[in-house]
Amino acid sequence: MKKVVKFGGSSLASAEQFKKVGDIIRSDESRRYVVPSAPGKRFSDDIKVTDMLYACYDEAKEGKDFGKLLDKISERYQEIIDGLGLSLSLEDEFKTIGEQFKAQAGSDYAASRGEYLNSMIMAEYLGYEFLDSAQYIFFDENGVFDGEKTQKVLSAKLAETERAVVPGFYGSMPDGSVKTFSRGGSDVTGSIVAKAAHADLYENWTDVSGFLIADPRIIDSPKNITTITYRELRELSYMGATVLHEDAIFPVRKEGIPINIRNTNRPEDPGTMIVETTCVRPEYTITGIAGRKGFVSINIEKDMMNSQIGFGRKVLECFEKHGISFEHMPSGIDTLTVFVHQDEFESKEQAVLSSLRHAVSPDTIELESDLALIAVVGRGMKATRGTAGRIFSALAHAYINVKMIDQGSSELNIIIGVKNDDFEKAIKAIYDIFVTVQL
Ligand code: ASP
């Protein structure tokens, strides 16, 4: 058994957190490859080291004195080193970083030092080998992650390395300069390392016990999701549920390596397993509910629309031309409705309407703004009769007017459109009917 364990910033924000992490790693022999983030927040108003590094580099770029800020960053690490009773010195490292900042080595280089230094401490603390990601994780000349080269070099190295710490978040460009993934990218590194190590499991340790069925800001102490498939996760993440970086799924998914989201502060919790497919019956008919506010519907009506071939294409072309992506497009016999993001649409509204008039000469076009979309997701829905019935009767009992319904033939999710003002109430009604009352 071989596991790759990634720890998020809040799990490594202080010596105290490092100790919890150390205990977790030492308690399981198979936790052989560790991917740390940079130190995160220790308390709610704290600043993440990555943000401090970006700010410090901004000063350097403007030719200002960044010494004080860099000292503050160095203090954060020293506090951890001292708290762990290590004799490691980062003095030379900080000297190099200062020089590189002066030489304007780039903001990616700057940000990457958060993970780089934290991993050095972790390697020293655990007695694991330190592997600098710049030598094992690669981007091509366009800045796109080079999976092939990385897999070759990294997996050869891991094959000969029993235990190692590999910093998250960055790799290198063909010219050797450092490049980072987008924010939260240590999740992606963990996934890449899991693939290269041919791991049995990718554990992603964070500060929550996995995914929740619904947003805790809307539902009081929602239940956890114990097992979720990659497809379900995609649906829920797209609609706003965030725990894991979106790109972290791809490397491991193809290899059939499951991801286990775990809580560093509650290691006894099993967390959420993310798997390709499973015969584990979900506890409830639905796996999760997520949603987003801020959509506009554009309802286009035209007599005999149903007999006009190419009508839909022409409509969508108008949106495409103005760089607007559409979310959903339910249709009737002589009507077609397009849902788009309000913030993308508003400034281009009149231009899009005029394109539509030119392209399809509709009888009427009606707009409705301030709409929310809610996705009710669950592999269990396919096998259960009456899911839609239950959702809509719950919404009716809560006096919520449903503006749109969209269910794909995969029966994995049902999308419901409501007014923004009804958003929270609707999620609560759906959660209650499936989870609280379990009808
Ligand atoms: N430290 C980086 C960030 O704050 C990457 C990560 O933590 O995953 O975005």
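Please refer to the structure placed before this passage.
(A) The arrangement of the sheet that holds strand S11 (residues 288-301) in detail. In spatial order, the strands read S12-S13-S11-S14-S16-S15; together these six strands make up an open sheet with antiparallel pairing. At either margin of the open sheet sits one strand with a lone partner, and together these are strand S12 (326-328) and strand S15 (404-407). Going from strand to strand, the sheet's axes swing by 35° on average, the running direction of each strand aside. Judged from the four bridges that link them, S15 and strand S16 (residues 413-419) form a sheet pairing that is antiparallel. Following the sheet pairing, glutamine 407 is matched in S16 by isoleucine 414. In the packing of helix H12 (residues 349-360) onto the sheet, contacts are made with S11 and strand S14 (364-377), and the angle to S14 comes to roughly 110°. The strands touched by helix H13 (residues 387-397) within the sheet are S14, S15 and S16, with S16 carrying the most contacts at an inclination of about 15°.

(B) Structural context of the sheet that holds strand S3 (residues 129-130). Sheet architecture is open: eight strands sit in the order S3-S4-S2-S1-S7-S9-S10-S8, paired in mixed fashion. One side of each edge strand has no neighbouring strand; the edge strands of this open sheet are S3 and strand S8 (227-229). The pairing of strand S9 (residues 259-263) with strand S10 (residues 272-275) spans three bridges and is antiparallel. Paired with isoleucine 259 across the strands is isoleucine 274, a residue of S10.

(C) Seen up close, the site of the ligand. Taken together, the residues surrounding the ligand are Ser37, Lys48, Thr50, Glu115, Phe169, Arg183, Gly184, Gly185 and Ser186. Separating an oxygen atom of the ligand from a backbone N or O atom of glycine 184 is a distance of 2.8 Å. Contact distances for the ligand include 3.3 Å between an oxygen atom and a backbone N or O atom of glycine 185. Summarising the interface, the protein chains cover 94% of the accessible area of the ligand, which totals 270 Å² for the free molecule. Its residues placed into classes, the shell around the ligand shows one nonpolar, five polar and three charged.

(D) Spotlight on the packing of aromatic side chains. Applying the stated criterion to the full structure yields 10 aromatic pairs. Both rings, one in phenylalanine 18 and one in tyrosine 125, keep their centres 6.4 Å apart while their planes meet at 65°; by these two values the pair is edge-to-face. Here the residue phenylalanine 18 occupies a position in helix H1 (residues 15-26), and tyrosine 125 occupies one in helix H5 (residues 107-126), the gap between them amounting to 107 residues. What makes tyrosine 125 buried here is its relative accessible area of 16%.

(E) A look at the environment of methionine 329. For methionine 329, the location among the structural elements is in the loop between S12 and strand S13 (335-341). For methionine 329, a relative accessible area of 28% gives the class partly exposed. Here methionine 329 is in contact with Leu316, Leu336, Thr337 and Val338, once residues within four sequence places are set aside.

(F) Fine view of unusual backbone geometry. Unusually for a residue other than glycine, serine 361 sits at a positive phi of about 35°. Its location among the elements puts serine 361 in the loop between H12 and S14. Located in the positive-phi region is aspartate 370, a residue other than glycine, with phi close to 55°. In this fold, aspartate 370 is placed in strand S14.

(G) Up close: the packing of H13 against helix H14 (residues 423-436). The contact between H13 and H14 brings their axes to 9 Å, and the two run at 130°. Looking at the two axes, H13 sits oblique to H14. Our pair here, H13 against H14, has a crossing hand that is right-handed. For the pair formed by H13 and H14, the contact residues are Thr387, Arg390, Ile391, Ala394 and Leu395 on the first element and Ala426, Ala429, Ile430, Ile433 and Phe434 on the second. Split by residue class, the contact of H13 with H14 holds eight nonpolar, one polar and one charged.

Here is what the cut-offs are and how they apply
- Residues numbered from 1 in each chain as written.
- Predicted model: local features only at pLDDT ≥ 70, side-chain atom pairs only at ≥ 80, totals over all residues.
- Heavy atoms only, no water.
- Pairing = 2+ DSSP bridges.
- Helix = DSSP H or I, 4+ residues; strand = E, 2+ residues; numbered from the N terminus.
- Axes fitted to C-alpha atoms, helices over the stretch in contact; angles between N-to-C directions.
- Contact = heavy atoms within 4.5 Å.
- Near = heavy atom within 4 Å.
- Polar contact = N/O pair within 3.5 Å; in protein donor to acceptor, adjacent residues only side chain to side chain.
- Areas by Shrake-Rupley, 256 points an atom, 1.4 Å probe, with all protein chains shown as cover.
- Nonpolar A, V, L, I, M, F, W, Y, C, P; charged D, E, K, R; others polar.
- Phe/Tyr/Trp six-rings, centres within 6.5 Å; stacked < 30°, edge-to-face > 60°.
- Buried < 20%, exposed > 50% of the residue type's maximum accessible area, 1.4 Å probe, protein only.
- Parallel < 35°, antiparallel > 145°, perpendicular 65-115°, else oblique.
- Left-handed = near helix turned anticlockwise from the far one by under 90°.

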